Amino acid sequence: MALLQVAKLGDPILRQKAELVDLEFLNSQDNKMQALIDDMIETMREEDGVGLAAPQVFQSLRLVVIECSLNERYSEAPNIPLTILINPSIKYYGEDTVSGWEGCLSLKDLRGLVPRSSKIIVEYFDRKGDPVTVNAEGFLAVVLQHEIDHLDGKVFLDRMTDLSQLAYVEEFEKYIADKKTLEAESP
Ligand code: NI
């Protein structure tokens, strides 16, 4: 396993539409895809992120890892078990939106208030190549929308509707974090 370098905003890789993963590579002899998945998990944990998309580690592939347990960057966030999503696609967006404060390892010092669908249905393949459908709501729905956006060259800034609600982490903690639960339904 190895820690991977994380692409920062401005790097063109973050603005590319990522390629579909060929599911045959998941179980191929050389195991490169499985090694990439393991490295992404290790990197996400080391960087204290709740999700990481392959373009963020310079691989233009439709592959995402998510996990949230006792996260320091998002201390109030609910638990999300480790999940590997290959070729994820959002099949349904609920009508209701929630606005929550988001961060991103590619824009590490920033937090922004982002409106997202409160409920989505996502289809993907797990790391063995088996198809999975998930009905996601709340924090999980937000994390999935954020990560799947990375596969289409989008970052959370692109989804913000009010750029006055963008802050550096330090100032966010100082001026906004205490009242954020009043303003936003999701962390
Ligand atoms: Ni991100």
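Residues numbered from 1 in each chain as written. Predicted model: local features only at pLDDT ≥ 70, side-chain atom pairs only at ≥ 80, totals over all residues. Heavy atoms only, no water.

1. Notes on the pattern of salt bridges
Right, on to step 1. Applying the stated rule across the entire model yields 9 salt bridges.
Right, on to step 2. Between Asp152 and Arg62 there is a salt bridge; the shortest N-O distance is 3.0 Å. Note that Asp152 is positioned in the loop between α2 (138-151) and α3 (156-159) and Arg62 in the loop between β1 (51-53) and β2 (63-68), a separation of 90 residues in sequence.
Right, on to step 3. Across the pair Asp149 and Arg116 runs a salt bridge whose closest N-O atoms are separated by 3.0 Å. Taken together, the residues Asp149 in helix α2 and Arg116 in strand β5 (residues 110-117) connect sequence positions 33 residues apart. Of the two residues, Asp149 and Arg116, both sit in the buried class.
Right, on to step 4. By sharing partners, the salt bridges in this structure join Glu102, Arg116, Asp149 and Arg159 into a single network. (Salt bridge = Lys/Arg side-chain N within 4 Å of Asp/Glu carboxyl O. Helix = DSSP H or I, 4+ residues; strand = E, 2+ residues; numbered from the N terminus. Buried < 20%, exposed > 50% of the residue type's maximum accessible area, 1.4 Å probe, protein only.)

2. Quick notes on α2
Right, on to step 1. With 14 residues, α2 extends 21 Å between its outermost C-alpha atoms, agreeing within 8% with the 20 Å of an ideal straight helix rising 1.5 Å per residue.
Right, on to step 2. Buried residues dominate α2, accounting for 12 of its 14 residues.
Right, on to step 3. For α2, every residue scored as buried is listed here: Phe139, Ala141, Val142, Val143, Leu144, Gln145, His146, Glu147, Ile148, Asp149, His150 and Leu151.
Right, on to step 4. Just downstream of α2 lies Gly153, where phi reads positive at about 75°. (Expected span 1.5 Å × (residues − 1).)

3. Things to note about the state of the cysteines
Right, on to step 1. One pass over the structure, following the stated rule, counts 0 disulfides.
Right, on to step 2. Free of any disulfide, Cys68 has its nearest neighbouring cysteine sulfur in Cys104, separated by 15 Å.
Right, on to step 3. Of the residues examined, Cys68 reaches a relative accessible area of 1% and is grouped as buried. (Disulfide = S-S within 2.5 Å.)

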